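Listed here are the chains, written in short residue letters.
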Amino acid sequence: MAKGFGFLLILLIIFGSLIIMYPLTVLVGQIGHAIAGLLLTNDKVLVVVGWGKKLIINIGKVTFWLSVNYPWFGHTYLSGKKISPLRTAVFKLSGPCFALLAGSITVLIGFSNDFTTSIKWPAAFFFFDTVLYFIVSLVPSRRPKIILKNGPVYNEGRWLEILWETKKLQRLYKTMTSLIKNGDYQTALKLVERAYKQYPYRHEPFSWIIVCYFNAQHFDKSVLAFQEYEKKFMPNSRLYNVAGLACSFQKNYEEGIEFYKKALETDPDNVETKSYIGFTHLTQERFNEAIIIFNELLENNPQSSYLLSNRGLARFKSGNETEGLADMKAALELPEPDAYAFRNMGIYHLEKNEKDKAITFFEKAKEMAQPTHLLEEYIEKAGNIDRGSS
């Protein structure tokens, strides 16, 4: 009985010592990150150990935030300067490796000299802690260490895994965009669906499914996919825009406006979102509201073919033919006029019952690899001009 109690007591002492020393190991690991961060960026570094009320220490370019709350949490933040994936990998590896090196050196010194047990045991505990820290840090875990306002904080192994996945997904994205550009939407969709099955926890492949449906003009599927995406991830303004456009292409303009409003909540200065709201007003024949938006956006984007041609159409439709036609002509004279510049000039000629000119501009708009709102309907109207007049 006494022997069993003594063994249990020894285990508790060992376990307690490991726990007590673990925050020190975490701090040493973060110091390793800080050293690497300074060498890689030559910029400010923030080391956080623990969370909550903190002691702040500044040493040169390194700031330490130390807290007794949650002391086994540690993370090191670099300044806003971006570094290459290779340097990021070195930075992520530096902490666990530095801690393990420190633990190995400590135990070697502790046991290679004639130190007392009171020195050897702490050295051994620290070494075992650094081994544990090394394993816990580098074995990828999708369970965050902590979740902050700006997102989850994962261990180093997971960040390295994310780096590798991101590199693969970047190659896939290039392939997808090339396929979309060439009009091979089905192959692009199969590619990103396969990627999403492989990485269901990554938002990128799922967002590309939404984009692929949109480009393939499966607008209903694009909206449905977005609604599923919204349940799982936080959409950015670009995805809200795609959902809004998909609604507009189905003539669900008010639903589209709601998505644009959400996009502006995410990014209040998004020019694309505001331009889509202006275009929706134009389509709804709310011409004055559309012109106000286009005027505001053109102040800082005078070379935008989309804004200029749509303001021109809004002006023309509201009865100001001279200024409207001038805008549409100016849009076509820009170095890279978009499909809407051709579409809108086609609408102008359609309104004038100039069938051949209208069809010429509509066909040019159609040649561009992008969905263009109501283009097919306008082509059909142009083709019916003679029949309607006979």
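Anyway, here's the lowdown on the structure attached to this text. (Residues numbered from 1 in each chain as written. Predicted model: local features only at pLDDT ≥ 70, side-chain atom pairs only at ≥ 80, totals over all residues. Heavy atoms only, no water.)

With that settled, consider the pairing of strand 1 (residues 45-49). The element strand 1 is largely enclosed, with a buried count of five among its five residues. Here strand 1 pairs with strand 4 (residues 74-78) via five bridges, running antiparallel. When the sheet's bridge partners are listed, V48 is paired in strand 4 with H75. (Buried < 20%, exposed > 50% of the residue type's maximum accessible area, 1.4 Å probe, protein only. Helix = DSSP H or I, 4+ residues; strand = E, 2+ residues; numbered from the N terminus. Pairing = 2+ DSSP bridges.)

Tallied over the full model, the rule gives two cavities of 30 Å³ or more. Empty space within the largest cavity amounts to approximately 60 Å³. The wall of the largest cavity is formed by L245, S248, F249, Y260, Y276, F279, T280, Y306, Y340 and H373. Sorting the residues of the lining of the largest cavity by element identifies helix 8 (237-249) and helix 10 (271-283) as the ones contributing at least two each. Class assignment for the residues of the lining of the largest cavity results in seven nonpolar, three polar and no charged. Put simply, the second largest cavity is a space of about 50 Å³. Forming the boundary of the second largest cavity are Q30, H33, G74, H75, T76, F91, K92, K145, Y154, E156 and W159. Residues of the lining of the second largest cavity, tallied by class, amount to three nonpolar, five polar and three charged. (1 Å grid on protein atoms, 1.4 Å probe; cavity = no way out; pocket = protein on both sides within 12 Å on 5 of 7 lines; lining within 4 Å. Points joined across faces, edges and corners; volume = space filled by probe spheres on them. Nonpolar A, V, L, I, M, F, W, Y, C, P; charged D, E, K, R; others polar.)

Our next topic: the pairing of strand 2 (residues 55-59). Pairing geometry for strand 2 and strand 3 (residues 62-66), over five bridges, is antiparallel. Across the sheet, the residue bridging to L55 is L66, located in strand 3. From the end of strand 2 to the start of strand 3, which pair antiparallel, there are two residues, and G60 there has a positive phi angle of about 60°.

Let us now look at the environment of K181. The residue K181 is located in helix 4 (residues 156-181) in this model. Spatially, the C-alpha atoms of K181 and S305 are 20 Å apart, while their sequence positions differ by 124 residues.

Each aromatic ring pair is described using two quantities: the centre-to-centre distance and the angle formed by the ring planes. Counted under the stated rule, the structure contains 21 aromatic pairs. Pairing F206 with F233 gives two aromatic rings, centres 6.4 Å apart and planes at 85°, and the pair type is edge-to-face. Of this pair, F206 sits in helix 6 (residues 203-215) while F233 sits in the loop between helix 7 (219-232) and helix 8, placing them 27 residues apart in sequence. Its relative accessible area of 16% is what places F233 among the buried residues. Ring geometry for F279 against Y306: centres 6.1 Å apart, planes inclined by 35°, an arrangement best described as tilted. (Phe/Tyr/Trp six-rings, centres within 6.5 Å; stacked < 30°, edge-to-face > 60°.)

A few words now on the side chain of Q30. When you line up the elements, Q30 lands in helix 1 (residues 2-41). Every residue in contact with Q30, bar those within four places of it in the chain, is listed here: V47, V48, V49, G74, H75, T76, Y133 and E156. (Contact = heavy atoms within 4.5 Å.)

The computed volume of the largest pocket comes to approximately 1200 Å³. Looking at the largest pocket, it is lined by 35 residues, and the ones nearest its centre are T88, K92, W159, I162 and L163. In terms of residue class, the lining of the largest pocket is made up of 17 nonpolar, 10 polar and eight charged. As a volume, the second largest pocket reaches approximately 800 Å³. Lining the second largest pocket are 25 residues, and of these F214, L245, E272, Y276 and Q370 lie nearest its centre. When contributions to the lining of the second largest pocket are tallied by element, the ones reaching two or more residues are helix 4, helix 6, helix 8, helix 10 and helix 12 (305-317). Looking at the lining of the second largest pocket, the element that brings in the most residues is helix 8, giving five residues. In the lining of the second largest pocket, the residues fall into 16 nonpolar, seven polar and two charged.

A separate point is the sheet that holds strand 2. Read across the open sheet, the four strands follow the order 2-3-1-4; overall the sheet is mixed. For this open sheet the edge positions go to strand 2 and strand 4, each flanked by a neighbour on one side alone. Sheet twist, expressed as the mean angle between neighbouring strand axes with direction ignored, is 15°. (Axes fitted to C-alpha atoms, helices over the stretch in contact; angles between N-to-C directions.)

Any functional reading would require information that these geometric values do not contain.
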